[in-house]
Amino acid sequence: MPDPERPEGPGGYDPVGPRPHEAVSPTGQGGPMDLALQEAESVEGIEKDGPPGGTGPGEKPRSLWSDAWHQLRRNPVFVISSLMILFLVIISIWPQLIASGDPLQCDLSKSQQGSSPGHPFGYDTQGCDVYTRTVYGARASITVGVCATFGAALLGSLLGGLAGFFGGWGDALLSRVADIFFGIPVVLGGLVFLSVVTSTTVWPVVDFIVLLGWPQIARIGRGSVITAKQNDYVQAARALGAGNGRMMLRHVAPNAIAPVIVVATIALGTYIALEATLSFLGVGLRPPTVSWGIDISNAAPQIRNAPHMLLWPAGALSLTVLAFIMLGDAVRDALDPKLR
């Protein structure tokens, strides 16, 4: 029965609205009440499920690193470059997986011959299998690139971070020393530094690259630390009595390391190219070490007669450098919020 105390409008519409104990039901006539109910149900669904692509109220917000990894997994450039680098690392550690020959075993009777069954890349001037030498050449290049990048990143980030955090005369001294190293031409410095070295291992080349590579990373790290230490959370930690060591390790370093990682990743490919350049000039890696730079140097005079000798090691070097540069670009896009 209708309530005599509550009048009804035209078509049974209640202008007063439901009482607290009454359920709201749609009228079925498409009026304002039905539209309001649909909007309320939509908002309630969003609150329960959370916004699409974001974190709901019950989920833990992602950090910078988890958000970067979330984006990297969906970046085809990162996936392709990572697979290429993984393949290069595997064959540099276990080249026997795809090359069964000996890179130092040569037959002069097959000098500069082209492709043949079992030797798809042909032979070089000494009669060595170009395919085997190209596969084994990845070990020296990857070793130099990884070790030089790790050494330069460690030394540069340590010195640059301390200088940026404490400032003063140490910061000024580091800046002037870095300017001196920036003024040294890389190739000329390599010719002077490595020409007096008689070792045939990769470590003199690694030491030289670290010597000239740390100032760039130190400058990046210094700027990142100066920016990070001015944030409110660092000032709050200082006000609460945190020491310099705790602030540096717990608050400043984790928020200043991202630019260093980006620069180091891109520099790794550059260091591999630098090693090949120095080996091409005869002052980098030296025989019997197998290196792409050495093979390119030996093949350059015979490029007209036997272009295959130059094509394969140069192509492997180019793809390796390209893979690391692509990886660095993808990491930079993921760690820099301004590029999203």
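Everything quoted here is computed from the prediction, not taken from an experiment.

1. Here we look at the overall build of the chain
Each helix and strand counted, the chain has 11 helices and zero strands in total. Mapped from its N terminus to its C terminus, the chain presents α and β elements in the order α-α-α-α-α-α-α-α-α-α-α. Across the 340 residues of the chain, 37% fall into the buried class. With the model as given, the accessible surface of the chain reaches about 19,400 Å², and the carbon-plus-sulfur share is 64%.

2. Describing empty space enclosed by the protein
Counted according to the given criterion, the structure contains one cavity of 30 Å³ or more. Roughly 30 Å³ of volume is contained in the largest cavity. Across the lining of the largest cavity, the residue classes tally to five nonpolar, three polar and one charged.

3. Observations regarding helix 9 (residues 244–280)
An ideal rise of 1.5 Å per residue puts 54 Å on 37 residues; helix 9 reaches only 47 Å between its terminal C-alpha atoms. Taking the largest bend as the criterion, helix 9 deviates by roughly 55°, centred on Ala-253, and proline Pro-254 comes between one and four positions later.

4. Quick word on the pattern of salt bridges
Pairs can form between side chains of opposite charge once their charged atoms are near each other. Enumeration according to the criterion identifies six salt bridges in this entry. Linking Asp-171 and Arg-222 is a salt bridge whose minimum nitrogen-to-oxygen distance equals 2.5 Å. Linking Asp-171 in helix 5 (residues 168–182) with Arg-222 in helix 7 (residues 203–228), this pair joins segments that are 51 residues apart in sequence. Between Asp-329 and Arg-332 there is a salt bridge, with its nearest N and O atoms 3.9 Å apart.

5. Looking at helix 4 (residues 130–166)
Between its first and last C-alpha atoms helix 4 spans 53 Å; for 37 residues at 1.5 Å apiece the expected length is 54 Å, and the two agree. Between the side-chain oxygen of the N-cap and the backbone nitrogen of Tyr-131 there are 3.4 Å, and the N-cap of helix 4 in question is Asp-129. Phi turns positive one or two residues past the end of helix 4, at Gly-167, with a value near 65°.

6. Regarding the packing of helix 9 against helix 10 (residues 292–299)
One way to put it is that helix 9 packs onto helix 10 with a least axis distance of 7 Å and a crossing angle of 40°. Here helix 9 lies oblique to helix 10, going by the angle between them. As for how helix 9 packs across helix 10, the hand of that crossing is right-handed. Contacts from Ala-276, Ser-279 and Phe-280 in helix 9 reach Gly-293, Ile-294, Ile-296 and Ser-297 in helix 10. Class assignment for the residues of the contact of helix 9 with helix 10 results in four nonpolar, three polar and no charged.

7. Points about the environment of Val-186
Its location among the elements puts Val-186 in helix 6 (residues 186–194). For Val-186, a relative accessible area of 37% gives the class partly exposed. Along the primary structure Val-186 and Gly-213 are separated by 27 residues, whereas in three dimensions their C-alpha atoms are 9.5 Å apart. Setting aside chain neighbours within four positions, we find Val-186 in contact with Phe-208, Leu-212 and Leu-274.

8. Describing the nonpolar core
Within the largest apolar cluster, 29 residues are counted, with the highest numbers of intra-cluster contacts made by Ile-272, Leu-317, Phe-324 and Leu-335. Within the residue set of this core, elements represented by two or more residues are helix 2 (64–72), helix 3 (76–93), helix 4, helix 9, helix 10 and helix 11 (308–335). Counting residues per element, this core draws most heavily on helix 11, at 12 residues. Leaving out residues up to four positions away in the same chain, Leu-317 has contacts with Ile-272, Ala-276, Trp-292 and Ile-296. Counting 24 residues, the second largest nonpolar core, distinct from the first, contains Leu-194, Val-210, Tyr-271 and Leu-278.

The rules behind each value
- Residues numbered from 1 in each chain as written.
- Predicted model: local features only at pLDDT ≥ 70, side-chain atom pairs only at ≥ 80, totals over all residues.
- Heavy atoms only, no water.
- Helix = DSSP H or I, 4+ residues; strand = E, 2+ residues; numbered from the N terminus.
- Buried < 20%, exposed > 50% of the residue type's maximum accessible area, 1.4 Å probe, protein only.
- Areas by Shrake-Rupley, 256 points an atom, 1.4 Å probe, with all protein chains shown as cover.
- 1 Å grid on protein atoms, 1.4 Å probe; cavity = no way out; pocket = protein on both sides within 12 Å on 5 of 7 lines; lining within 4 Å.
- Points joined across faces, edges and corners; volume = space filled by probe spheres on them.
- Nonpolar A, V, L, I, M, F, W, Y, C, P; charged D, E, K, R; others polar.
- Expected span 1.5 Å × (residues − 1).
- Bend = angle between axes of the 7 residues up to and from the residue.
- Salt bridge = Lys/Arg side-chain N within 4 Å of Asp/Glu carboxyl O.
- Polar contact = N/O pair within 3.5 Å; in protein donor to acceptor, adjacent residues only side chain to side chain.
- Axes fitted to C-alpha atoms, helices over the stretch in contact; angles between N-to-C directions.
- Parallel < 35°, antiparallel > 145°, perpendicular 65-115°, else oblique.
- Left-handed = near helix turned anticlockwise from the far one by under 90°.
- Contact = heavy atoms within 4.5 Å.
- Core = buried A, V, L, I, M, F, W, Y, C linked by side-chain atoms within 4.5 Å.

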